[in-house]
Amino acid sequence: RAKNQGRNRYAFYTSDLTASAHQRLEMENDMRRGLERNEFVLHYQPKLDLSSGKLDGAEALVRWNHPQRGMVEPDQFIPLAEETGLIVDLGRTILNIACAQLAQWRDQGLTAPRMAINVSGAQLIGDHLVNDIRRALAKHSLSASQLELEITEDFVMNQNREAIVLLDLFSSMGIHLSIDDFGTGYSSLAYLKELPLDTLKIDRSFVAGLPGNHHDAAISQTIIVLAHNLGMAVIAEGVENELQRELLLEQGCDSIQGYLVSRPLPADEFANAFLRRAPSHQPSQPV
Ligand code: C2E
Ligand code: MG
Ligand code: MG
Ligand code: MG
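All of the points below concern the structure found in this document. This structure is a prediction, so every number in the text was calculated from the model and none was measured. (Residues numbered from 1 in each chain as written. Chains lettered and ligands numbered in written order. Predicted model: local features only at pLDDT ≥ 70, side-chain atom pairs only at ≥ 80, totals over all residues. Heavy atoms only, no water.)

1. Comments concerning the site of ligand 1
Argument step 1. Taken together, 25 residues sit near ligand 1, with Asn118, Asp180, Arg204, Glu240 and Tyr259 positioned nearest.
Argument step 2. At 3.0 Å, a side-chain N or O of Gln45 approaches a nitrogen atom of ligand 1.
Argument step 3. With the chains in place, 86% of the 800 Å² that ligand 1 exposes on its own is no longer accessible.
Argument step 4. Those elements giving two or more residues to the shell around ligand 1 turn out to be strand E2 (55-66), helix H3 (87-107) and strand E6 (176-182).
Argument step 5. Among the elements that line the shell around ligand 1, the one with the most residues is E2, at 4 residues. (Near = heavy atom within 4 Å. Polar contact = N/O pair within 3.5 Å; in protein donor to acceptor, adjacent residues only side chain to side chain. Areas by Shrake-Rupley, 256 points an atom, 1.4 Å probe, with all protein chains shown as cover. Helix = DSSP H or I, 4+ residues; strand = E, 2+ residues; numbered from the N terminus.)

2. Things to note about the nonpolar core
Argument step 1. Counting 80 residues, the largest nonpolar core has Phe77, Trp105 and Phe170 as its most contacted members.
Argument step 2. It is H3 that provides the largest number of residues to this core, a total of 9 residues.
Argument step 3. Contact partners of Phe170, with chain neighbours within four places excluded, come to Leu124, Leu129, Val130, Ile133, Leu149, Ile175 and Leu177. (Core = buried A, V, L, I, M, F, W, Y, C linked by side-chain atoms within 4.5 Å. Buried < 20%, exposed > 50% of the residue type's maximum accessible area, 1.4 Å probe, protein only. Contact = heavy atoms within 4.5 Å.)

3. Quick notes on the coordination of the magnesium ion (ligand 2)
Metal coordination angles in their ideal form are 109.5 degrees for the four-donor tetrahedron and 90 or 180 degrees for the six-donor octahedron.
Argument step 1. Taken together, Glu59 (OE), Asn118 (OD1), Glu150 (OE) and Asp180 (OD) make up the protein donors of the magnesium ion (ligand 2), found 2.0 to 2.2 Å from the metal.
Argument step 2. Sequence positions of the residues that donate to the magnesium ion (ligand 2) give the spacing E-x58-N-x31-E-x29-D.
Argument step 3. A separation of 3.8 Å is found between the magnesium ion (ligand 2) and the magnesium ion (ligand 3), which share Asp180 as a coordinating residue. Taken together, the residues Asn118 in strand E4 (residues 115-118) and Glu150 in strand E5 (residues 147-152) connect sequence positions 32 residues apart.
Argument step 4. Its relative accessible area of 1% is what places Glu150 among the buried residues. (Donors = N, O, S within 2.8 Å, 3.2 Å for Na, K, Ca; no water.)

4. A short note on the packing of aromatic side chains
Argument step 1. This structure, assessed with the given rule, holds 7 aromatic pairs.
Argument step 2. Ring centres of Phe270 and Phe274 lie 5.5 Å apart, and the angle between their planes is 35°; this geometry places the pair in the tilted category. Of this pair, Phe270 and Phe274 are both found in helix H11 (residues 267-274), 4 residues apart, which corresponds to roughly one turn of the helix.
Argument step 3. A network of ring pairs unites the aromatic residues Tyr44, Trp105, Phe270 and Phe274 as a single cluster.
Argument step 4. Directly above the aromatic system of Tyr259 lies the positively charged group of Arg263, at a separation of 3.9 Å from the ring centroid. (Phe/Tyr/Trp six-rings, centres within 6.5 Å; stacked < 30°, edge-to-face > 60°. Lys NZ or Arg CZ within 6 Å of the ring centre and 35° of its normal.)

5. Re the environment of Ile179
Argument step 1. Take Ile179: it is sitting in strand E6.
Argument step 2. Look at Ile179 and you get buried, because its relative accessible area is 0%.
Argument step 3. C-alpha of Ile179 to C-alpha of Asp203: the two residues are 24 residues apart in sequence and 9.8 Å apart in space.

And the structure:
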């Protein structure tokens, strides 16, 4: 909503085509202030293994708990963060919150699943990310295999040499790598054989038409076969109903994520609904 609301005279524009330089600067400053005041929070959405129905992972999704605007969705501020380079600071904050959360769950005796973090292309330039990840893992005594990075096709399609080296490094550290929103980028499939990818994530625009739309069903089936033939796992995002789940199971999809299972939840609600005590922490009670 671009309408003036009381004292908030700017809107959360999503691109430089619609926002004036002044508005962008104002929002950039607001975002810097928000970072300093820890206004960014993560919600967590479960990923479920389709055949066992068990928790398979969690995706961390950022929100801006803005003092005047309430919870702001990522689509409203990630694009500007990418354009201004603030995504590096924001990404570090997100990584640190996610790792601190994994450590907290572990310390509470809960079995935490692998945590997926969304990574923008701009975060894969230079070695900020690898340094930030190493530092965060060490600080919280976590293993790299507890982390997953979701990257988009548009970034990897450039076949950027530096990025390939970086992804190889992440993979060799044991970090799980996924392609997010698979099928929506303007990329060739060539990169799939160049990169050490673990999972393809079928974009929800294809899932939305299931099971009735035969074209969408053909696309999801094809992505599932493609992933498996390349030795990768496949997850469908945006699964909202039982019929979609059934078709994806039939098609051989490994995992699902979406409102059918749960919306993204604050950490405590996620833990209450989806996390169990780790066996090693089970209080030993005489029977
Ligand atoms: P994404 O990574 O593809 O995340 C999935 C989005 O779909 C999330 O929106 C999620 O809330 C929504 N969603 C999940 N299940 C369903 C469903 O069943 N139906 C429908 N209609 N939607 C569903 P959200 O949280 O608004 O995130 C939007 C996008 O913002 C993400 O897309 C991701 O590209 C970006 N994003 C979110 N968090 C971060 C972050 O920490 N860093 C970066 N760089 N980008 C992020
Ligand atoms: Mg994602
Ligand atoms: Mg996605
Ligand atoms: Mg998507």
